[in-house]
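Structural overview for review
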Amino acid sequence: MSVSSNPATGSVATPVVIPLSRSLVWLVGTAALAVLVYYFVGVDQGAVSVFGNDLHVHELLHDGRHFLGFPCH
């Protein structure tokens, strides 16, 4: 791996090293958030909602759902 330098300032860029345990936390958190967003945008249909027979989430995201290509009716 090469280290780049800026000849104008004489400074050298060094890579940031993130420990594996911390990056794993970010990876799992990001994946969980992505699945949650996918559920609300693409899967929640109101009648089969995990929140009961309620259409509030479905109606809130209805136009965005069609814009992204998710069929809902």
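Side note on the environment of leucine 60
- The topology assignment puts leucine 60 in helix H2 (residues 56-60).
- Here the alpha-carbon distance between leucine 60 and valine 41, two residues 19 residues apart in the chain, equals 9.6 Å.

As for a nonpolar patch on the surface
- On the surface, Leu24, Leu27 and Val28 cluster together into a nonpolar patch covering about 300 Å² of accessible area.
- Within the secondary structure, leucine 27 is located in helix H1 (residues 20-43).
- Given the relative accessible area of 56%, leucine 27 is considered exposed.

With respect to the environment of glutamine 45
- Inspection of the secondary structure puts glutamine 45 in the loop between H1 and H2.
- Residue classification places glutamine 45 among the partly exposed positions, given a relative accessible area of 24%.
- With residues up to four places along the chain from it excluded, the contact list for glutamine 45 reads Leu55, His58, Arg65, Pro71 and Cys72.

Criteria and cut-off values
- Residue indices follow the written sequence of each chain, beginning from 1 at its first position.
- Thresholds applied to this predicted model are a pLDDT of at least 70 for local features of residues and 80 or more for the giving and counting of side-chain atom pairs; totals over whole chains, interfaces and linings are not thresholded and use all residues.
- Heavy atoms from the whole structure form the basis of all side-chain values; hydrogens and water molecules are not counted.
- Helix and strand assignments come from DSSP, with helices taken as H or I runs of at least 4 residues and strands as E runs of at least 2, each series counted from the N terminus.
- Surface patches are defined over residues having more than 30% relative accessible area and no salt bridge, joining like charges when they lie within 9 Å and nonpolar side chains (Val, Leu, Ile, Met, Phe, Trp, Tyr) when within 5 Å.
- Calculation of accessible area relied on Shrake-Rupley with a 1.4 Å probe; when residues are assessed, cover is drawn exclusively from the protein chains displayed.
- Within this document, salt bridges are pairs made up of a side-chain nitrogen of Lys or Arg and a carboxyl oxygen of Asp or Glu, the two lying within 4 Å of each other.
- A simple rule labels every residue: compare its accessible area, found with a 1.4 Å probe on the protein chains alone, to the largest value its type can have, and call it buried under 20%, exposed over 50%, or partly exposed in between.
- We call two residues contacting when some pair of their heavy atoms lies within 4.5 Å.

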